[in-house]
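Tertiary structure, described
Next come the chains, spelled out residue by residue.
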Amino acid sequence: MKHPIRLTVNGETCEASVEPKKTLLDLLREDLGLTGTKKGCDNGECGACTVLLDGRPVNSCLVLAVEADGREVTTIEGLAEGTRLHPLQEAFILHGAVQCGYCTPGMILTAKALLAENPHPSEAEIRKAIAGNLCRCGTYNKVVKAVLSVAAKNR
């Protein structure tokens, strides 16, 4: 039995009819074609599927699509304004924090939520915030530098 849901994704209202067990991750990727959100471990351990749900980072593989009914979702595709990249996206490129790129969307969205809550985080606060996002390439130091550079511009 499918359930009708209505949610806002990257500023646009979306309606879907979903199975009760369908995850937000699968809705985004399969139904809405937003493949920037990556499917990694599929059990909430890696952070590759991180999106913002009402402004807070969540592992979309652990959120049922029906739980997103009436809520706002931001994916990596929703950060850029046209062809203008978000400052975090630019900083990740500038600081080389985009090795293979698989963890990048989740890292950027986690960093966006952190900066929204704390515009001037310390290195330790950044590391704590991204602790749930695994990077197989080991670009953690570059990620921290990228986030610090955006925070410095916020001053």
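Now for a description of the structure that goes with this document. (Residues numbered from 1 in each chain as written. Predicted model: local features only at pLDDT ≥ 70, side-chain atom pairs only at ≥ 80, totals over all residues. Heavy atoms only, no water.)

Side chains bearing opposite charge may pair, as long as their charged atoms lie close to each other. Per the stated rule, a full pass over the model turns up 9 salt bridges. The shortest N-O distance in the salt bridge between E15 and R6 comes to 3.4 Å. A relative accessible area of 58% means that E15 is categorised as exposed. Using a relative accessible area of 47% as the deciding quantity, one classes R6 as partly exposed. As a salt-bridge pair, R56 and E117 come within 3.6 Å of each other at their nearest N and O atoms. Here R56 is found in strand β4 (residues 56-59), whereas its partner E117 is found in helix α3 (residues 104-117), with 61 residues between them in sequence. (Salt bridge = Lys/Arg side-chain N within 4 Å of Asp/Glu carboxyl O. Buried < 20%, exposed > 50% of the residue type's maximum accessible area, 1.4 Å probe, protein only. Helix = DSSP H or I, 4+ residues; strand = E, 2+ residues; numbered from the N terminus.)

The next subject is a nonpolar patch on the surface. A cluster of nonpolar side chains, L85, I93 and V98, forms an exposed patch at the surface whose accessible area comes to about 220 Å². Checked against the element boundaries, L85 lands in the loop between β5 (72-74) and α2 (87-94). (Patch = residues over 30% accessible without salt bridge, like charges linked within 9 Å, V, L, I, M, F, W, Y side chains within 5 Å. Areas by Shrake-Rupley, 256 points an atom, 1.4 Å probe, with all protein chains shown as cover.)

Next up on the list: the packing of α3 against helix α5 (residues 140-153). Orientation of α3 relative to α5, taken along the N-to-C sense of each, is 40°, at an axis distance of 11 Å. Viewed along their axes, α3 and α5 form a crossing whose handedness is right-handed. Contact with α3, carried on its side by M107, A111 and L115, involves Y140, V143, V147, V150 and A151 of α5 and no other residues of that element. Grouping the constituent residues of the contact of α3 with α5 by class yields 8 nonpolar, no polar and no charged. (Axes fitted to C-alpha atoms, helices over the stretch in contact; angles between N-to-C directions. Left-handed = near helix turned anticlockwise from the far one by under 90°. Contact = heavy atoms within 4.5 Å. Nonpolar A, V, L, I, M, F, W, Y, C, P; charged D, E, K, R; others polar.)

A separate point is the side chain of H86. Inspection of the secondary structure puts H86 in the loop between β5 and α2. When its relative accessible area of 18% is taken as the criterion, H86 is described as buried. A distance of 3.0 Å separates a polar atom in the side chain of H86 from the backbone nitrogen of L88. Not counting residues within four places of it along the chain, the set of residues in contact with H86 comprises L79, A80 and K112. (Polar contact = N/O pair within 3.5 Å; in protein donor to acceptor, adjacent residues only side chain to side chain.)

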